[in-house]
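Each chain, written out:
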Amino acid sequence: MAIPVEVEEFVEKHIKLMISQTETYMPFIKVAFPYSKNIADVVYNLIIGSALSVFVNQYASRMQNPTVEDFTEFGGIALKYRDQVDQFFK
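Criteria and cut-off values
- All chains use their own residue numbering, which begins from 1 and follows the written sequence.
- Residues qualify for local features only when their pLDDT is at least 70, as the model is predicted, and side-chain atom pairs are given and counted only at 80 or more; totals for whole chains, interfaces and linings, by contrast, use all residues.
- By convention in this description, side-chain values take in all heavy atoms of the structure and omit both hydrogens and water.
- A pair is scored as a salt bridge if a Lys or Arg side-chain nitrogen falls within 4 Å of a carboxyl oxygen belonging to Asp or Glu.
- Secondary structure is summarised from DSSP: a helix means a run of H or I of at least four residues, a strand means a run of E of at least two, and numbering begins at the N terminus for each.
- Think of it in three bands: residues with accessible area under 20% of the maximum for their type are buried, residues over 50% are exposed, and the middle band is partly exposed, with areas taken using a 1.4 Å probe on protein chains only.
- pLDDT is a per-residue confidence score from the predictor, ranging from 0 to 100.
- Any two residues having at least one pair of non-hydrogen atoms within 4.5 Å are treated as being in contact.

Trainee: I tried to follow the pattern of salt bridges on my own but got confused; where do I start?
Mentor: Oppositely charged side chains may form a pair once their charged atoms are brought near each other. According to the stated counting rule, one finds four salt bridges in the structure shown. One salt bridge in this structure joins E12 and K80, with 3.1 Å as the shortest N-O distance. Of this pair, E12 sits in helix 1 (residues 5–32) while K80 sits in the loop between helix 3 (68–79) and helix 4 (82–87); the two residues are 68 residues apart in sequence, bridging distant segments of the chain. Accessibility expressed as a relative area gives 12% for E12, which makes it buried. When the shortest N-O distance is used, the salt bridge between R82 and D86 registers 3.0 Å. Taken together, the residues R82 and D86, both in helix 4 and four residues apart, mark about one turn of the helix. What makes R82 buried here is its relative accessible area of 16%. The buried category is assigned to D86, whose relative accessible area is 18%. The structure contains a network of salt bridges with shared partners spanning D41, R82 and D86.

Trainee: Is there a simple way to explain the confidence of the model for the protein in this structure?
Mentor: Do not read the fine detail of predicted coordinates wherever pLDDT is low. The predicted model of the protein averages 91 in pLDDT, with 99% of residues at 70 or higher. Summarising per-element confidence for the protein, the mean pLDDT is lowest in helix 1 (91) and highest in helix 3 (95).

Trainee: Would you mind going over the environment of I3 with me for this structure?
Mentor: When you line up the elements, I3 lands in the segment before helix 1. Residue I3 is classed as buried on the basis of its relative accessible area, which comes to 5%. Spatially, the C-alpha atoms of I3 and T72 are 10.0 Å apart, while their sequence positions differ by 69 residues. Ignoring any residue separated from it by four or fewer positions in sequence, one finds I3 in contact with E8, F55, Y59, D70, E73, F74 and I77.

Have a look at this one:
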């Protein structure tokens, strides 16, 4: 079963919003995580953790459960944005 288009679009919009806010939060990020060896990983994980919550909630609002394949597809969606996050820290 493929992720419903409206769920995928909602999740992608959320990820894009979080990425666009990363630049705004950059001063906080650098202060909050001074000992992190890879801040890009921290930020990416925060964004994708938030997006995962949105993903699951979108299914719950439709009274459905995501399948293993849906979670795999979510991982593919999330991975598309990895390089954008890395660019903030280069």
